[in-house]
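Architecture at a glance
In case you want the letters, here they are:
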Amino acid sequence: MLAQSIFNGLVMGGVYALIAVGLTIIFGVMKVINFAQGECLMLGMYAAWALHRATGLSPYILIVPVMTVMFLIGQFIFSLVINPIVGRPPTDFVVVTMGLAFVLVSVIQLIFSPTYQTVVTTAKNITIRLGSVSLGTPRVIACGVMIAAVLAVRLFLKKTDVGRAMRATAENLEVAQMLGVNTRRNFALAFALGVTMAGLSGLLLTPIYYVFPNVGMPFKTISMVIVVLGGLGSIGGAVLGGLIAGVVEAVLGAYISPDLAPAGIFLILILVLAFRPEGMFGKGARKA
Amino acid sequence: MLKMTDINAGYGDLQVLFNVSLHVDEGECVTLVGANGAGKTTLLRIISGLMHIKSGEMTWYGKNLLAMHASRRADLGIAHIPQGRGTLATLDVMDNLLMAGYCKRVRKRRMENIEKMFEMFPKLKERRKQIAGSLSGGEQQMLAIARALVMEPTLLVLDEPSLGLAPIVVEEVFETIGRIRDSGVSILLVEQNLSLALEAAHRGYVLETGVVAMEGKSEDLLSNENIKAAYMGI
C-alpha cells in the first residue's frame, strides 16, 4: 500500500508541479506572483470541457487547441489589466490579480452556472498495472504531459533567442534593455506562458475532477506553497516541490486521514523554510 | 552624433544634473570625469534611456533620442557597459555574447563577431560554457567589452571600467579601450581615475556636483593647475 500511495502521490505531484512551473515562469521574469493562477487553471478546465462538449473529442486530443486558447487569453489578460501596472509596486500586482481571480470566477459562473460538469473519457476506465501498483490512466498521462511540458519550457529557455532574452530580462531588466530586448513584450510572453501552463494543468485534470467555477482555489494554495518550497523562480525547485507535495499528500491521506494531507504539506514547508528560508533551490533575496 | 543640451535631471526632489550640455562626435573618445556623486552615472543612464529627465534635449544624428524606448538603443548602435560591468551572471559566457547579437542590426553577423572576440580574448573561448558570475573581475570586464563589441557599436558608453580591478588588469582594460578607439568607434568613458581617462581620451568634461565645471582637450585638462590640485593631489 505504501508503494501505491507513493506512486499516486508522484502522479498527482506532476500536476501540481505543472501549475507551479507556470507560477515560476511568471515570477522568474516579472518578479511578481499571479494570484489568479488557480482561476487560470479553472479556465483551462472549462476550455477543455467546452471544446469536448462541442466536438466530442477526448480532452487529450484537444491539448493543442486548449493551449492556444489559453495563450491568447493570457495575452489578452496581460494587455488589459497587467500591462498598465508594470513597474508599479508589487502590492498593486497582488491586488489586481486577486481581483482578476474573483472576476474570472464570476464571469464563468454567469456563463456556465455553478453546476458541476464532467468530462467523460475512455481513458478513465483503464488502469495501468505495475506489479502490485495500479494507476489510473488519466493520472499517468497527466504526469507524462507534465514532464514533456517542463522539458519543452527548459529547452525553450536554454536554446532559443527569445528564451535567452527572457532569462536576461529575469536577471537584469536594465541590461536586457541595453541589449535591445523589448522587456514589455517578454513580460507579456512570460505571463501568457504561465497562464498556458495553468490551463494545460486544468485540461489534464478534467478526466479526474469535476469542472466548476471555484475548482482552482485549492490548487492555487498548493501551487503557491510548492513555489515557495522549491525556491521562488526555480523551475527545478517547482517540479521537485510539486512531487514532494503530491507524495506527502497521498501518503498522509492513505495512512492517517485525507483531511490531514494539506497540513502535512504545510508542515514540510515550515520545516524547509526553517532551515533554508530561500527554499530548496532558491537563490535568496534579489539584490537591489 | 550624440548631442545633449541643457539637461536637468534628478531623483524625486533631488536634482542631480543642472543644465548639462555634452556632445560626442564620430570617431571621438570623450571622457567624463568627476568625484563620486557628481552625476556621471546618472548622465549615462539618461543616454541609455533608463532615466527620465526634467528638461533638456538629447539627439542622435539629429533625431530625438528622448522619445525612443531604452531597448531601441541597441539597434541604433549605442552599447552601454554599466557600472559593475552588467554581465548576466546566471547566463554562461556564450549566452552573454549571443545576447549581444539579439538586436536585428547584428543578428546575422553575430557568430562571426563572437569568433572575432574569441580571437581577441582567448580566455573567453576557454570559458564559454562557464556561468559569467564565476569569472574573475578582469574576465568579466573583458566579457562586458566583448559583448559590447559584438553589437558593432557606433558609440560605446563605459561606466568606470577600472572599478574593483587590480592595477595590472586596469592597464589591460585601458589598452583594449585604446584599440577600440583606434578602430574608429566613438567612446564615452566615465572614469574616476582621471589621468588614465584623459590619456585615453581626445576630449574631456569635468563634472562637479551636477554642473560641467570645465571642458576641453585632454592635454589642456591634464596640464590645468586646478585639476592637478583637485584630482591628482599634485
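Residues numbered from 1 in each chain as written. Chains lettered and ligands numbered in written order. Predicted model: local features only at pLDDT ≥ 70, side-chain atom pairs only at ≥ 80, totals over all residues. Heavy atoms only, no water.

**Let's talk about helix H6 (residues 161-171) of chain A**
The buried count for H6 of chain A comes to nine of 11 residues, which makes it a mostly enclosed element. Residues of H6 of chain A that are buried include every one of Asp-161, Gly-163, Arg-164, Ala-165, Met-166, Arg-167, Ala-168, Thr-169 and Ala-170 of chain A, and no others. (Buried < 20%, exposed > 50% of the residue type's maximum accessible area, 1.4 Å probe, protein only. Helix = DSSP H or I, 4+ residues; strand = E, 2+ residues; numbered from the N terminus.)

**Considering helix H11 (residues 261-275) of chain A**
Residues and elements named next belong to chain A. Its 15 residues give H11 an end-to-end C-alpha distance of 22 Å, which sits within 8% of 21 Å, the value for a rise of 1.5 Å per residue. All of the buried residues along H11 are Ala-261, Gly-264, Ile-265, Leu-269 and Val-272. Around the axis of H11, the buried residues are gathered within 140 degrees of arc, so they sit on the same side. More than 90 degrees from the buried face of H11, the exposed residues found are Leu-267, Ile-270 and Ala-274. Buried-residue contacts for H11 involve helix H9 (216-230) and helix H10 (235-255). (Expected span 1.5 Å × (residues − 1). Arc of directions from axis to C-beta. Contact = heavy atoms within 4.5 Å.)

**Quick word on the confidence of the model for chain A**
On average, residues of chain A score 90 in pLDDT, and 98% of them reach the 70 mark or higher. Summarising per-element confidence for chain A, the mean pLDDT is lowest in strand E1 (residues 127-130) of chain A (80) and highest in helix H3 (residues 63-82) of chain A (96). (pLDDT = per-residue confidence, 0-100.)

**What to know about the environment of Gly-56 of chain A**
Residues and elements named next belong to chain A. Along the chain, Gly-56 turns up in the loop between helix H2 (37-55) and H3. Judged by relative accessible area, which is 57%, Gly-56 ranks as exposed. On a C-alpha basis, the gap between Gly-56 and Val-119 in space is 9.8 Å, while along the polypeptide they are 63 residues apart.

**Details of the interface of chain B and chain A**
Put simply, an interface is often sized by how much accessible area is lost when its parts join up. Listed per partner, the contact involves 24 residues of chain B and 15 residues of chain A. The junction of chain B with chain A conceals about 1,900 Å² of combined surface from both sides, 60% of it contributed by carbon and sulfur atoms. When residues of chain B are sorted by the area they lose upon contact with chain A, Leu-88, Met-99 and Tyr-102 of chain B head the list and together hold 29% of the total. Linking chain B with chain A are five salt bridges, by the criterion used here. Arg-167 of chain A is paired through a salt bridge with Asp-95 of chain B; the nearest N and O atoms lie 2.9 Å apart. For the pair chain B and chain A, the number of links is six residue pairs in polar contact (both at pLDDT 80 or more). Looking at the side of chain B that touches chain A, its residues break down into 13 nonpolar, six polar and five charged. (Buried area = accessible area lost by both parts, 1.4 Å probe. Salt bridge = Lys/Arg side-chain N within 4 Å of Asp/Glu carboxyl O. Polar contact = N/O pair within 3.5 Å; in protein donor to acceptor, adjacent residues only side chain to side chain. Nonpolar A, V, L, I, M, F, W, Y, C, P; charged D, E, K, R; others polar.)

**Comments concerning empty space enclosed by the protein**
On inspection of all chains with the given rule, the structure shows two cavities of 30 Å³ or more. By volume, the largest cavity is sized at about 50 Å³. For the largest cavity, the full set of lining residues is Met-178 and Leu-179 of chain A together with His-80, Ile-81, Ala-144, Arg-147, Ala-148 and Met-151 of chain B. Contributing elements (two or more residues each) for the lining of the largest cavity: strand E6 (78-81) and helix H7 (137-150) of chain B. Its residues assigned to classes, the lining of the largest cavity comprises six nonpolar, one polar and one charged. Roughly 30 Å³ of internal volume is contained in the second largest cavity. Met-178 of chain A together with Ser-48, Ala-70, Arg-73, Ile-78 and His-80 of chain B are the residues that line the second largest cavity. (1 Å grid on protein atoms, 1.4 Å probe; cavity = no way out; pocket = protein on both sides within 12 Å on 5 of 7 lines; lining within 4 Å. Points joined across faces, edges and corners; volume = space filled by probe spheres on them.)

**Quick look at the packing of aromatic side chains**
Residue and element names in this part refer to chain A. Counted under the stated rule, the structure contains nine aromatic pairs over all chains. Here the aromatic rings of Tyr-16 and Phe-219 are separated by 6.2 Å at their centres, their planes lie at 55 degrees, and the arrangement is tilted. Here Tyr-16, found in helix H1 (residues 2-30), pairs with Phe-219, found in helix H9; they are 203 residues apart in sequence, far enough to count as distant. Ring plane angle 65 degrees and centroid distance 5.3 Å describe the contact between Tyr-209 and Phe-219, whose orientation is recorded as edge-to-face. Here Phe-219 lies in helix H9 and Tyr-209 lies in the loop between helix H8 (183-205) and H9, a separation of 10 residues in the sequence. Relative accessible area serves as the criterion here: at 3%, Phe-219 is assigned to the buried category. (Phe/Tyr/Trp six-rings, centres within 6.5 Å; stacked < 30°, edge-to-face > 60°.)

**Considerations on the side chain of Thr-97 of chain A**
All names here are of chain A. Note that Thr-97 resides in helix H4 (residues 90-112). Within polar-contact distance, the side chain of Thr-97 engages the backbone oxygen of Val-94 at 3.3 Å. Setting aside residues no more than four positions away along its own chain, Thr-97 makes contact with Ile-33, Asn-34, Phe-35, Ala-36 and Ile-82.

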